[in-house]
There are 2 protein chains.
Amino acid sequence: MTKTEKTNKKIKATPEPTLRRLPRYLHLLKFLRETGDKSVSSTYIAKELGFDPTQVRKDIEYTGIVGRPKTGFNIVELISSIEEFLNWKNITDAFLVGTGSLGTAMLGYGRFKDYGLNFVAAFDNNEMKIGKTIHETPVLSMEKLVDLAKRMHINIGVITVPAFAAQHSADLLIEGGIRAIWNFAPIHLKVPEGVLVENAQLTQSLAVLTHKLADAISKD
Amino acid sequence: MTKTEKTNKKIKATPEPTLRRLPRYLHLLKFLRETGDKSVSSTYIAKELGFDPTQVRKDIEYTGIVGRPKTGFNIVELISSIEEFLNWKNITDAFLVGTGSLGTAMLGYGRFKDYGLNFVAAFDNNEMKIGKTIHETPVLSMEKLVDLAKRMHINIGVITVPAFAAQHSADLLIEGGIRAIWNFAPIHLKVPEGVLVENAQLTQSLAVLTHKLADAISKD
DNA sequence: TCCTTATCGAGAATTTTATATCGAGAAAAA
DNA sequence: TTTTTCTCGATATAAAATTCTCGATAAGGA
Ligand SMILES: NC(=O)c1ccc[n+]([C@@H]2O[C@H](COP(=O)([O-])OP(=O)(O)OC[C@H]3O[C@@H](n4cnc5c(N)ncnc54)[C@H](O)[C@@H]3O)[C@@H](O)[C@H]2O)c1
Ligand SMILES: NC(=O)c1ccc[n+]([C@@H]2O[C@H](COP(=O)([O-])OP(=O)(O)OC[C@H]3O[C@@H](n4cnc5c(N)ncnc54)[C@H](O)[C@@H]3O)[C@@H](O)[C@H]2O)c1
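Keep in mind the model is a prediction, meaning the values are calculated, not measured.

## Section: the overall build of chain A
Then comes step 1: From N to C terminus, chain A includes 8 helices and 9 strands.
Then comes step 2: Considered along the principal axes of its C-alpha atoms, chain A spans approximately 60 × 55 × 40 Å.
Then comes step 3: Going through the 220 residues of chain A one by one, you find that 49% of them count as buried.
Then comes step 4: Working note: accessible area of chain A is about 11,600 Å², and carbon and sulfur atoms make up 53% of it.
Then comes step 5: Considering chain A, the positive charge centre built from 28 side chains and the negative charge centre built from 24 side chains are found 7 Å apart.

## Some words on the relation of the copies chain A and chain B
Then comes step 1: Turning chain A through 180 degrees and shifting it by 0.0 Å along the axis lays it on chain B, with an RMSD of 0.1 Å. Such a combination of turn and shift is consistent with a two-fold rotation axis.
Then comes step 2: The share of interface residues of chain A whose copies in chain B are also at the interface is 100%, consistent with both copies meeting through the same surface.

## Here we look at the environment of Leu107 of chain B
All names here are of chain B.
Then comes step 1: Its location among the elements puts Leu107 in helix H6 (residues 101-108).
Then comes step 2: Remark: the alpha-carbon pair of Leu107 and Thr43, spanning 64 residues in sequence, is separated by 37 Å.
Then comes step 3: When near neighbours in sequence (up to four residues on either side) are disregarded, Leu107 contacts Leu96, Thr99, Phe119, Ala122, Ile134, His135 and Thr137.

## Some remarks on the site of ligand 1
Then comes step 1: Around ligand 1, 23 residues are found, and the nearest of them are Leu102, Asp124, Lys129 and Val161 of chain A together with Tyr109 of chain B.
Then comes step 2: What surrounds ligand 1 is not a single chain but chains A and B.
Then comes step 3: Contact between ligand 1 and Asn125 of chain A: a nitrogen atom at 3.4 Å from a side-chain N or O atom of the residue.
Then comes step 4: Contacts to ligand 1 include Val161 of chain A, whose backbone N or O atom sits 2.7 Å from an oxygen atom.

## Focus on the side chain of Ser141 of chain A
Then comes step 1: Mapped onto the elements, Ser141 of chain A comes out in strand S6 (residues 137-141).
Then comes step 2: Leave out the neighbours within four places in its chain, and Ser141 of chain A touches Phe123, Asp124 and Ile130 of chain A.

## Concerning the domain arrangement of chain A
Then comes step 1: As assigned here, chain A comprises domain 1 (3-85) and domain 2 (92-203).
Then comes step 2: Placing the centre of domain 1 of chain A and that of domain 2 of chain A at their C-alpha centroids yields a distance of 31 Å.

## Here's the deal with the protein's contact with DNA strand C
Then comes step 1: Surveying the vicinity of DNA strand C reveals 24 residues, the closest of which are Arg21 and Arg68 of chain A together with Ser42, Arg57 and Gly67 of chain B.
Then comes step 2: Here DNA strand C approaches the protein such that, of its atoms within 4 Å, sugar and phosphate make up 67%.
Then comes step 3: Here a phosphate oxygen of DNA strand C sits 3.4 Å away from a polar atom, N or O, in the side chain of Ser41 of chain B.
Then comes step 4: A distance of 2.8 Å separates a phosphate oxygen of DNA strand C from a polar backbone atom of Gly67 of chain B.
Then comes step 5: For the surface near DNA strand C, the elements supplying multiple residues, two or more each, are helix H1 (16-35) and helix H3 (53-62) of chain A together with helix H3 (42-49) and helix H4 (53-62) of chain B.
Then comes step 6: Counted by class, the surface near DNA strand C contains 6 nonpolar, 8 polar and 10 charged residues.

## Comments concerning the site of ligand 2
Then comes step 1: Every one of the 23 residues lining ligand 2 counts as a neighbour, but Tyr109 of chain A together with Leu102, Asp124, Lys129 and Val161 of chain B are closest to it.
Then comes step 2: Neighbouring residues of ligand 2 are distributed over chains A and B.
Then comes step 3: One of the backbone N or O atoms of Asn125 of chain B is found 3.4 Å from a nitrogen atom in ligand 2.
Then comes step 4: Separating an oxygen atom of ligand 2 from a side-chain N or O atom of Lys129 of chain B is a distance of 2.9 Å.
Then comes step 5: Here ligand 2 loses 84% of its free accessible area of 820 Å² to cover by the protein chains.
Then comes step 6: Counting residues per element, the ones that place at least two in the shell around ligand 2 are helix H5 (101-108) of chain A together with H6 and helix H8 (163-175) of chain B.
Then comes step 7: Within the shell around ligand 2, the residues separate by chemical class into 14 nonpolar, 7 polar and 2 charged.

## A short note on the environment of Trp88 of chain A
Then comes step 1: Here Trp88 of chain A lies in the loop between helix H4 (75-85) and strand S3 (92-97).
Then comes step 2: Placed 24 residues apart in sequence, Trp88 of chain A and Phe112 of chain A show a C-alpha to C-alpha distance of 9.6 Å.

## Here we look at the protein's contact with DNA strand D
Then comes step 1: Around DNA strand D, 24 residues are found, and the nearest of them are Ser42 and Arg57 of chain A together with Arg21, Thr54 and Arg68 of chain B.
Then comes step 2: Sugar plus phosphate, as a fraction of atoms of DNA strand D within 4 Å of the protein: 70%.
Then comes step 3: The contact in question runs from a phosphate oxygen of DNA strand D to an N or O atom on the side chain of Ser42 of chain A, over 2.4 Å.
Then comes step 4: Between DNA strand D and Lys58 of chain B, the relevant distance is 3.2 Å, taken from a base oxygen to a side-chain nitrogen or oxygen of the residue.
Then comes step 5: Partitioned by chemical class, the residues of the surface near DNA strand D number 6 nonpolar, 8 polar and 10 charged.

## A few points about the sheet that holds strand S4 (residues 117-124) of chain A
Residue and element names in this part refer to chain A.
Then comes step 1: Pairing within the open sheet is mixed, and its 7 strands lie in the order S5-S6-S4-S3-S7-S8-S9. Each having just a single partner strand, strand S5 (133-134) and strand S9 (196-199) make up the two edges of the open sheet.
Then comes step 2: Direction of pairing for S4 relative to S6: parallel, over a ladder of 3 bridges. Residue Asp124 lies in a different strand from S6, and its bridge partner there is Ser141.

## Let's talk about the packing of H3 of chain B against H4 of chain B
Residues and elements named next belong to chain B.
Then comes step 1: As a packed pair, H3 and H4 sit with axes 8 Å apart at the nearest point and diverge in direction by 115 degrees. In this view, H3 runs roughly perpendicular relative to H4, as classed from their interaxial angle. The handedness of the crossing between H3 and H4 comes out as right-handed. Residues Ser42, Thr43, Ile45 and Ala46 of H3 touch H4, and the partners they reach there are Pro53, Val56, Arg57 and Ile60.

Conventions we followed
Residues numbered from 1 in each chain as written. Chains lettered and ligands numbered in written order. Predicted model: local features only at pLDDT ≥ 70, side-chain atom pairs only at ≥ 80, totals over all residues. Heavy atoms only, no water. Helix = DSSP H or I, 4+ residues; strand = E, 2+ residues; numbered from the N terminus. Buried < 20%, exposed > 50% of the residue type's maximum accessible area, 1.4 Å probe, protein only. Areas by Shrake-Rupley, 256 points an atom, 1.4 Å probe, with all protein chains shown as cover. Lys, Arg positive; Asp, Glu negative; His and termini not counted. Charge placed at Lys NZ, Arg CZ, Asp CG, Glu CD. Least-squares fit on C-alpha atoms with pLDDT ≥ 70 in both. Contact = heavy atoms within 4.5 Å. Near = heavy atom within 4 Å. Polar contact = N/O pair within 3.5 Å; in protein donor to acceptor, adjacent residues only side chain to side chain. Domains from an automatic or database assignment. Nonpolar A, V, L, I, M, F, W, Y, C, P; charged D, E, K, R; others polar. Pairing = 2+ DSSP bridges. Axes fitted to C-alpha atoms, helices over the stretch in contact; angles between N-to-C directions. Parallel < 35°, antiparallel > 145°, perpendicular 65-115°, else oblique. Left-handed = near helix turned anticlockwise from the far one by under 90°.

Listed below in structure tokens is the structure:
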């Protein structure tokens, strides 16, 4: 990947649209790997997912892999390259705050390790939940969050508390030295510079759907 | 014919980035409404959410409302305008397929009505779940899906089954006449033209976070 | 009344992202 | 071997999205 230095261009940050497409390639590639295929072309991926082949090639280029004419990309290598690029090969320990219905669902979802995430502890302010474990992850009191985050050098915090409690949860996570927050609460978190926030707000996705549907229906 | 149609159509489709930002404005606006404020400027919204003021104005323009110099936009009107635009004022009946941990969490989330969505029935192939209700939504057998969707004229289907079952679920929903699918399974659904698919894949959001975090840490 | 200030909204400019074109190279077929 | 076919990847072009500029206008004083 140092090969890109030959042009001496300044390294540009990966576009977010590209980052969002990479997992989709990954899902398809893993499926293809099962079928025994050895290589795949950008043309094929594009047709399968409804993208433009050039776009697929450009996206793949960011991960640092090179293909070969006529055959395309080696599937195993490409999977590895994307996972490496997204840092999904190093499993990162994470805290989850708010063990309600969504938080519980996430703790129960065994596949996050495939995406580089490992929940080592969950936190809640509900006395009934503290001390129990949810799918093998212990639920601890909020009082323990800051110290434990510091001690364990946790980098990622997931927020699944109600909106009114989200900012406070974020503040605690940041006090504990967290670097990145995956926020599911429908609220804009205020964080100091250097702390990453990714909003996984379902309402954003839903807005696209409902607006387009209303638009489509109105054209009937 | 199509040419004149095109030139006559002055209404351009709303950019997806705009659609995704609108719910974020909405959350802030509802908060401001509680505080008793009557109006808000694009400048304020932008500063609060970290956007550009012009972008906020352009986004708002799509919803059809006009502001006034010096004061900005009437908060109540603006909320109404956005909700109308996203079609969140007309509650749309929806089916949910797959009552596992994520599906259950969604059925239990009482706020989807605020976003125009009402789950009238859920479906699963697990005999243990059929016949029960989850947060007042009945869980029915998959056999009943197609007919019931037709009879009730359901437009939206939510897929929360494992990846391997997602395409089949989508096929049934489409057979039942559904127009839009909100897909949570990590797979690309193949659907006929005219059927909308919105992927709410958490992994896409997570990819952005993990890549940026790795990037930031590597720069320390 | 006049002045200052904050804001909208239209259009231009810029940046970012997506798509088209095409030469070169590898594989398969002739 | 030679030809055909397919794909990569570099570059060019187009489209989309964002940001800048600025005149007009309303509100709140001076
Ligand atoms: N459930 C869904 O399908 C869904 C969908 C979209 C968005 N969300 C959002 O995700 C978040 C969680 O939703 P949910 O349905 O799981 O809610 P929930 O009410 O089921 O769970 C919230 C949890 O947070 C805990 N909590 C409350 N205040 C706290 C505090 N100050 N400190 C620590 N813990 C606290 C509660 O004890 C509870 O366990 C909400 O912000 C919601 O808007 C949920
Ligand atoms: N739980 C999470 O936090 C999470 C996170 C990211 C993505 N997802 C995705 O969401 C989907 C659901 O996840 P989950 O954790 O709720 O899974 P789950 O295993 O808890 O639930 C799946 C449900 O689907 C039902 N089902 C299975 N096959 C079916 C079929 N053919 N027809 C009808 N119903 C069927 C099962 O009976 C079960 O109730 C998966 O695709 C998963 O990848 C979940």
